[in-house]
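# Notes for the structure review
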Amino acid sequence: MEKMKELILDGTRIEALPDSVGRLKNLCLLSLEDCKSLKALPDSIRELSSLQQIKMSGTNLRGSDSGSSHLAASAEVSFSSSGQLLGLSGTNLRGSESSTSHLAASAEVSFSSSGQLLGLSGTNLRGSESSTSHLAVLAEVTVSTSKLLDLSDESRKALKHLHLADTKTEELPNCIKRMRNLEELLLECEMLRVLPNWIERFSEKLTKLEVSSKDLEALPDCIGSLKQLKKFSLKCENLQALPDSIGGLEILDHLKIESANLKALPNSIASLGRLQYLLLRCTSLEALPDHVGELKELEHFEVWSDSLIALPDSIGSLRKVSILKLKCPNLEVLPDSIGDLESLLFFEVRSHGLTYLPNSIGSLKRIQYLLLNCMNLEALPGSMETLESLKDLKLHCNNLMVPPDFIGRLENLSLDLSYCKSLKYIPQLPSSLLWLDAANCTNLRKTSDVSHLKALENLNLKGCKLLEDVPGLEHITNGLEVLGVPGPCDLLGFCHLSDDFKRRVLKNKEVTFESLREFEMSGSVVRGSSTGPQQLHFMLPRLPFSWLRGAQLRLGLDKVVSPVHVAIMADDTIVFQKIVEVEGTTIELNLGEESFMNTGEGKGEHCFTMQVTADVTELQDVMAILQYLSDFRFLSQILY
């Protein structure tokens, strides 16, 4: 018990904590929320030397001896964004005027933008007007500019972590420059226009700097003097340039830049020899520095740009990069050197301009995840058949008509071809395939025989409106956990799935779905008058009656006039029907609590259909979900 780190007693009827709670020397979190009967906290609570957070919202604690004064040993006192002390908000806790002075040893105290001490706002806790002056040994403070000025000199000098959150500040107050012990400085100031030159005063201790501003356009040259800086984040949409001195941040390992106006990076950025993480979310960035390959320690590299059309050849020198994400819609080409990224495990490319891949991509021997969201990519190079480590291949390519044959030779693969709208046929797939998602391939008509896919767990073909058949599906249903198939998708109830498919898969008494936890199928809509009754039909595979009895039904219906008639048939016999009122656009029914008609439940599995009849003013998308409550199995259907 003494090794316990969290003690959560929320909602219990406990009246008092035993004195022995003080023995829990490793306890970090004590949560007593909604303990209405709790009358006091023991004095031994101050012996919890590792305690970081205590929560008491919803209690009725009263009195100066209730433990509020013992929060001094807490490593962290947390506050909500609404200005309430987490752990005291919503309580009637009252203490002596000096109570707030006991927060002096806290590692974090927050102030609201209006200058109120968070932790008093919203509670009945009372303190003296000078209570903030007792915050002498604070390590961290979140504060507005106005309240920062109220801190004593002693408090400012002791600060190690300052989070300035102020929507109106245009210039940093000079008192910050006297905070020589700052290790982390977070500036969340939308109207901040400039970083002062005196920021170089923090060169010996500042390790983390984050700046968020809509008006900041440039950084001072002295930014490069912050020799201890390890993490640097700029979220400044109007930032237009970075100084060359940024290359002087010798031990920087994390750099994140978000800007809508930054068009270029200084060449000096290649001097950041210890950089491990680089995120450039800069929509106007036109090029990367030619020497970006000199970032020898880089492991995670992410570029978001609408203006980037090419990458420098030196990118192939990033031999330690394991994650590379290129979200650049106008990128036209990948350099041959991309194949030199010997440590690459995760590669994501999102581009409308990319029409081909270099053969060198087949040299990425360690790659495990490859996502190509490239609508104009028409083919993949044959060299990719050597990617033996590839486990997850996602091809969202609008112009891809037929997947390459080498896919059939990749082992233990998960294959995602969803939204390949030119795809007409899926060729032979590897017997070890685990996942096949071809949802919304609107021109897909047929797949190769899938009877050998004994390891397949997920097969999603919903939204494939022209699909006629999936040969062999009836032989692998026992192992399927997720199955999605198209049904009638238009207002005439028209369906391309052949009668032979329905007979072999959905109605066949010899076909079972023992492992099924999610089934998705389009429903048909029978045309009625424009404002009259519409019937929505759902056809389900053969399932045990107990599965249905353990399900929850949710219907999402737009433009529907209440009430709605819901009927479920088992082998063409009505087993359940009910008239339901629509609340908003949703109907929810827990079928386990509803009355079913006698169906011969013990006779095994049934072929179920469901019919929903409703008056609609305008036919729109309709969603129905059957959720198996005992283990959160889902049965989802989308109507088009």
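Chains are numbered independently. Their residues run from 1 in the order of the written sequence. For this predicted model, a pLDDT threshold of at least 70 governs which residues receive local features, and a threshold of 80 or more governs which side-chain atom pairs are given and counted, while totals over whole chains, interfaces and linings are taken from all residues. As a rule here, side-chain values cover all heavy atoms of the structure and leave hydrogens and water aside.

### Considerations on the overall build of the chain
In DSSP terms, a helix is any run of H or I states spanning at least four residues, a strand is any run of E spanning at least two, and both are numbered starting from the N terminus. Per the secondary structure count, the chain includes four helices and 32 strands. For every residue, the accessible area obtained with a 1.4 Å probe (protein chains only) is divided by the maximum for its type, and the residue is called buried under 20%, exposed over 50%, and partly exposed between those limits. Counting only residues that meet the buried cut, the chain has 52% of its 640 residues in that class. We call two residues in contact when some of their heavy atoms are within 4.5 Å. Look at the contacts in the chain between residues 6 or more apart in sequence, and 44% of them connect residues 24 or more apart. Carbon and sulfur atoms make up 46% of the accessible area of the chain, which amounts to about 28,300 Å² in all. The method behind every accessible area is Shrake-Rupley, applied with a 1.4 Å probe, and residues are considered shielded solely by the protein chains displayed.

### Examining the packing of aromatic side chains
Under the pairing criterion, centres of Phe, Tyr and Trp rings, with the six-membered ring standing for Trp, must be within 6.5 Å; the plane angle then separates stacked pairs below 30 degrees from edge-to-face pairs above 60, leaving the rest tilted. The full count for this structure, using the stated rule, is two aromatic pairs. Plain terms: the ring middles of Trp198 and Phe202 are 6.4 Å apart, the flat faces sit at 90° to each other, and that makes the pair edge-to-face. Comparing Trp198 with Phe202 shows no difference in burial state: the two are buried. Here Phe346 and Tyr369 contribute two aromatic rings whose centre-to-centre distance is 4.2 Å and whose plane-to-plane angle is 10°, an arrangement assigned as stacked. Taken together, the positions of Phe346 in strand β14 (residues 346-350) and Tyr369 in strand β15 (residues 369-373) put the pair 23 residues apart, joining distant regions of the chain. A relative accessible area of 17% places Tyr369 in the buried class. As a reminder, the over-ring test applies to NZ of lysine and CZ of arginine, requiring each to be within 6 Å of the ring centre and within 35 degrees of the ring normal. The cationic tip of Arg281 hangs over the ring face of Trp304; the distance from NZ or CZ to the ring centre is 4.0 Å.

### Structural notes on the pattern of salt bridges
For this document, the term salt bridge refers to a Lys or Arg side-chain nitrogen within 4 Å of an Asp or Glu carboxyl oxygen. The tally for this structure, following the rule as stated, stands at 18 salt bridges. Here Lys320 and Glu297 are joined by a salt bridge, their closest N and O atoms 2.9 Å apart. One end of the pair, Lys320, is in the loop between β12 (300-304) and β13 (323-327); the other, Glu297, is in the loop between β11 (277-282) and β12, and 23 residues separate them in sequence. With its nearest N and O atoms 2.8 Å apart, the salt bridge here joins Glu385 to Arg409. Of this pair, Glu385 sits in the loop between β15 and β16 (392-395) while Arg409 sits in the loop between β16 and β17 (414-416), and the two are 24 residues apart along the sequence. A cluster of three or more residues bridged by salt bridges with shared partners is formed by Asp469, Glu474, Asp500, Arg503 and Arg504.

### Quick word on the nonpolar core
We define the nonpolar core as a collection of buried residues of types Ala, Val, Leu, Ile, Met, Phe, Trp, Tyr and Cys that are connected through side-chain atoms lying within 4.5 Å of one another. Residues Ile176, Leu209, Phe232, Phe301, Phe347, Leu372 and Leu473 are the most contacted members of the largest nonpolar core, which totals 144 residues. Look past the residues within four positions of Ile176 in its chain and what remains in contact with it is Leu148, Leu162, Leu164, Leu182, Trp198 and Phe202. Counting residues in hydrophobic clusters, the runner-up holds 16 residues, among them Leu7, Leu38, Ile45 and Leu48.

### Thoughts on the sheet that holds strand β3 (residues 53-55)
Two strands pair under a simple rule: DSSP has to find at least two bridges between them. The three strands lie next to each other as β1-β2-β3, forming an open sheet whose pairing is parallel. Lying at the two open borders of the sheet, with one neighbouring strand each, are β1 (6-8) and β3. On average, adjacent strands in this sheet sit at an angle of 5° to one another, irrespective of strand direction. Bridging between strand β2 (residues 29-31) and β3 involves three bridges; their strand directions are parallel. Note on β3: the bridge partner recorded for Leu30 is Ile54. Only C-alpha atoms enter the line fits that serve as axes; for helices the fit covers just the stretch in contact. Angles between N-to-C directions range over 0 to 180 degrees.

### Looking at unusual backbone geometry
Across residues other than glycine, the phi torsion is negative in most instances, and most of the peptide bonds are trans. Residues other than glycine seldom take positive phi values, yet Asn412 does so here, at roughly 55°. Mapped onto the elements of the fold, Asn412 is located in the loop between β16 and β17. Backbone geometry at Tyr419 places phi at a positive 65°, although glycine is not the residue there. If you trace the backbone, Tyr419 turns up in the loop between β17 and β18 (425-426). Owing to a relative accessible area of 47%, Tyr419 belongs among the partly exposed residues under this scheme.

### Examining the environment of Asn412
With a relative accessible area of 38%, Asn412 lands in the partly exposed category. For the pair Asn412 and Ser431, spaced 19 residues apart in sequence, the C-alpha separation works out to 8.4 Å. Asn412 has contacts with Lys391, Ser432 and Leu434, leaving out every residue within four places of it along the chain.

### Side note on the side chain of Ser418
Relative to the helices and strands, Ser418 resides in the loop between β17 and β18. On the basis of relative accessibility, which here comes to 7%, the residue Ser418 falls in the buried class. Pairs of N or O atoms are called polar contacts if they sit within 3.5 Å, as long as, within protein, a hydrogen donor faces a hydrogen acceptor (for residues adjacent in sequence, only side-chain-to-side-chain pairs). Among the polar contacts made by the side chain of Ser418, one reaches the side chain of Asp416 at a distance of 2.7 Å. Contacts of Ser418, omitting those with residues within four sequence positions, involve Leu395, His396, Asp437, Ala438, Ala439 and Cys441.

### Considerations on helix α3 (residues 499-506)
Within α3, burial applies to Phe501, Arg504, Val505 and Leu506. Down the axis of α3, the buried side of the element spans an arc of 155°, and every buried residue falls inside it. Those residues of α3 that are exposed and aimed more than 90 degrees away from the buried face are Asp499 and Arg503. The directions from the helix axis to the C-beta atoms are what the arc is built from.

### Considerations on a positive patch on the surface
On the surface, a cluster of positive charge is contributed by Lys157, Arg178, Arg180 and Arg201. Structurally, the position occupied by Arg178 is in the loop between β6 (161-165) and β7 (184-188). Patches draw on residues past 30% relative accessible area with no salt bridge. Two like charges within 9 Å are joined, as are two nonpolar side chains (Val, Leu, Ile, Met, Phe, Trp, Tyr) within 5 Å. His is not counted, nor are the chain ends; Lys and Arg add positive charge and Asp and Glu add negative charge. To locate a charge, take NZ of a lysine, CZ of an arginine, CG of an aspartate or CD of a glutamate.

### A few points about the confidence of the model for the chain
Looking at the chain as a whole, its pLDDT mean stands at 78, while 76% of the residues score no less than 70. In predicted models, pLDDT denotes the confidence assigned by the predictor to each residue on a 0 to 100 scale. Contacts of residues 62-137 to residues separated by more than four positions or lying in other chains number 160 contacts, the stretch itself having pLDDT below 50. When the criterion is pLDDT under 50, residues 630-640 qualifies, and its contacts beyond four places in sequence or with other chains add up to 51 contacts.

### Concerning the side chain of Ser314
With respect to the helices and strands, the residue Ser314 is situated in the loop between β12 and β13. On the accessibility criterion, Ser314 (18% relative accessible area) is buried. In this structure, Ser314 is in contact with Pro289, Asp290, His291, Val292 and Gly293, ignoring residues within four places of it in sequence.

### A short note on the pairing of β13
A regular strand carries its side chains on alternate faces of the sheet. Two strands pair when backbone bridges link them, and β12 and β13 are joined in this way by five bridges, in the parallel orientation. Within β13, the residue paired with Glu302 across the bridge is Lys325.

### Digging into the environment of Leu38
Secondary-structure assignment places Leu38 in the loop between β2 and β3. On the accessibility criterion, Leu38 (2% relative accessible area) is buried.

### Some remarks on the environment of Val580
Note on placement: Val580 falls in strand β28 (residues 573-580). Given the relative accessible area of 9%, Val580 is considered buried. Sequence-wise, Val580 and Ser562 are 18 residues apart; in three dimensions their C-alpha atoms are separated by 7.7 Å. Once you skip the residues sitting within four places of it in the chain, Val580 turns out to touch Ser562, Pro563, Val564, Val566, Ile587 and Leu589.

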